[in-house]
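What the coordinates show
Residue strings, one per chain:
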Amino acid sequence: MIPVSFDYARAGSADEAIALLAEHGDEAKLMAGGHSLLPMMKLRLAYPAMVIDIERIADLSYINDGGDHLAIGALTRHRAIETSALVAEHAPLLAHATSQVGDPQVRHRGTFGGSLAHADAAADHPSVLLAMGGTVVAKGPGGEREIAAGDFFAGFLESSLAADEMITEIRIPKHTGGGWSFQKFNRRAQDWAIVGATVQRNNGSTQVALVNMHPTPIRAAAVEEALAGGASATDAAEQAHVGMEPSSDLNASVDFRNHLARVLVRRALNEAGID
Amino acid sequence: MEISVEVNGATHTSDVEPRTLLVHYIRDVVGLTGTNVGCDTSSCGACTIHVNGEAVKSCTMLAVQADGQSLTTIEGLANGDQMHPMQEAFMECHALQCGYCTPGMVMASISLLDENPNPTEAEVREGLEGNLCRCTGYHNIVKAVLSAAGGAK
Ligand SMILES: Cc1cc2nc3c(=O)[nH]c(=O)nc-3n(C[C@H](O)[C@H](O)[C@H](O)COP(=O)(O)OP(=O)(O)OC[C@H]3O[C@@H](n4cnc5c(N)ncnc54)[C@H](O)[C@@H]3O)c2cc1C
Ligand code: FES
Ligand code: FES
């Protein structure tokens, strides 16, 4: 399968990419690792007239210690995150979840910024961003703004980035020693989660996010409220499907997804040290 | 667009359409047909090559993204008649049946050992999760990778 013809430009810097986005508007798409965009172009589900290649913006590939958070460049590849000592120490949930993304070949190409910008409810990183309470730094012609995880995912495969904005950095608060868990249920190796559950505890509060249970990446608010009200892990997990609108597909019906969410949240809470 | 790519040590300069997939560039433009296309949907790993030393699925990359990069394909492994140790191990362990998945398996296996020189059997199975063998010869493939790792010690 070969994509529809398009024009191609390689941006050497974020400013250059943003200028190209401003010039080409809706017709243009940024391409980072291309591991979500290119498959969609091959299936002709996406057909940008202009592809702006941002992969070589070298100064946007880094993992830095920002004091109370880790600052990760948008073009940092999954493999770099998976093997980073800084991430292992300060965001073990992110390191582990990243090691579960696709397969080694995918992790050699895919980028953190691309994973989030794609805003796929079935992807792993959005749930980590939500559970860890991270923020996304977006840069546009007017400068930079920081978007909280909870405001970033706007709809099905849709983020709250403006058409002429790109992600430059992702900030992940350092984990302070609380338990965490990432539970991914799938049938085939290398696949996306049929359902996933992500838990991060920090300073007494517990944040729970779900994978593939809603049109958008989402926090399991009902579970979090039950826990805050003193419920046991088993009782809180019973709320995992509340408010969710999962899809039904070849892999799982709505009922099965709701069931998986309850089971995976219970396992995740237990693994994170909540009985 | 004109691109210049190092393939197995030799630099090739060609004019390609931006939509040309890397695997088609390798097979049809450079003329190296050892790299196979299986699924064409990033799932099977038959098209695995190395880009700057790392295993990548060449059906999921554009040729223009490889401009200025260094690629290794299955043809670039042997040194004359001397096979690469991973190729030797695949032969010794009967790690191929029809052979369709083999170039991708060998390239993925070499990348795996580069990153983890002493893997456990479980790590080999996990590390090759992006490669499918339609003949289901996984047992001997895993054996070959473990044997190549042992040989390298
Ligand atoms: C076989 C296979 C298996 C996979 N399995 C999983 C899995 O199990 N779990 C999982 O989570 N993911 C999985 N993925 C997806 C993979 O992680 C992708 O690499 C990732 O989602 C997108 O990253 P990318 O850099 O390739 O983005 P691209 O494909 O380049 O871009 C994706 C989207 O984000 C936009 N974009 C990219 N970078 C930026 C930026 N800096 N600012 C603004 N917009 C940007 C693009 O315009 C595009 O719309 C899989 C992919 C494949 C091919
Ligand atoms: S042909 Fe590329 S992964 Fe199957
Ligand atoms: S040997 Fe036939 S596909 Fe693997």
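Because the structure is a prediction, the values reported are computed rather than measured.

Focus on the pattern of salt bridges
Residue and element names in this part refer to chain A. Taken as a whole and assessed by the stated rule, the structure comprises 18 salt bridges over all chains. In this structure, Lys-174 engages Asp-65 in a salt bridge whose closest nitrogen and oxygen atoms are separated by 2.8 Å. Here the residue Lys-174 occupies a position in the loop between β10 (166–173) and β11 (180–185), and Asp-65 occupies one in strand β4 (residues 63–65), the gap between them amounting to 109 residues. Taking the relative accessible area as the measure of exposure, Asp-65 reaches 44% and is therefore partly exposed. Here Arg-188 and Asp-191 are joined by a salt bridge, their closest N and O atoms 2.7 Å apart. The buried category is assigned to Asp-191, whose relative accessible area is 14%. Linked by salt bridges that have partners in common, Glu-55, Arg-77 and Arg-109 make up one network.

Focus on the side chain of His-125 of chain A
Along the chain, His-125 of chain A turns up in helix α8 (residues 125–132). We classify His-125 of chain A as buried; its relative accessible area is 1%.

Some remarks on the site of ligand 1
Neighbouring ligand 1 are 31 residues; Leu-30, Ala-32, His-35, Leu-37 and Thr-111 of chain A lie closest to it. More than one chain lines the surroundings of ligand 1; the residues nearby belong to chains A and B. Here Leu-37 of chain A contributes a backbone N or O atom positioned 2.7 Å from an oxygen atom of ligand 1. Trp-192 of chain A has a polar side-chain atom sitting 3.5 Å from a nitrogen atom of ligand 1. For ligand 1, whose accessible area on its own is 960 Å², the fraction buried by protein is 96%. Mapped by element, the contributors of at least two residues to the shell around ligand 1 are β2 (28–31), α7 (112–117) and β10 of chain A. Of the residues that constitute the shell around ligand 1, the class distribution is 14 nonpolar, 13 polar and four charged.

What to know about helix α5 (residues 92–99) of chain A
Along α5 of chain A, six of the eight residues are buried, which leaves the element largely enclosed by surrounding structure. Considered for burial, the residues of α5 of chain A that qualify are Pro-92, Leu-93, Leu-94, Ala-95, Ala-97 and Thr-98 of chain A.

Some remarks on the confidence of the model for chain B
The predicted coordinates ought not to be read in detail in places where the model reports low pLDDT. In the predicted model, chain B carries a mean pLDDT of 96, and 98% of its residues have values of at least 70. The complex prediction reports pTM at 0.97, with the ipTM value standing at 0.96.

Conventions and cut-offs
Residues numbered from 1 in each chain as written. Chains lettered and ligands numbered in written order. Predicted model: local features only at pLDDT ≥ 70, side-chain atom pairs only at ≥ 80, totals over all residues. Heavy atoms only, no water. Salt bridge = Lys/Arg side-chain N within 4 Å of Asp/Glu carboxyl O. Helix = DSSP H or I, 4+ residues; strand = E, 2+ residues; numbered from the N terminus. Buried < 20%, exposed > 50% of the residue type's maximum accessible area, 1.4 Å probe, protein only. Near = heavy atom within 4 Å. Polar contact = N/O pair within 3.5 Å; in protein donor to acceptor, adjacent residues only side chain to side chain. Areas by Shrake-Rupley, 256 points an atom, 1.4 Å probe, with all protein chains shown as cover. Nonpolar A, V, L, I, M, F, W, Y, C, P; charged D, E, K, R; others polar. pLDDT = per-residue confidence, 0-100.

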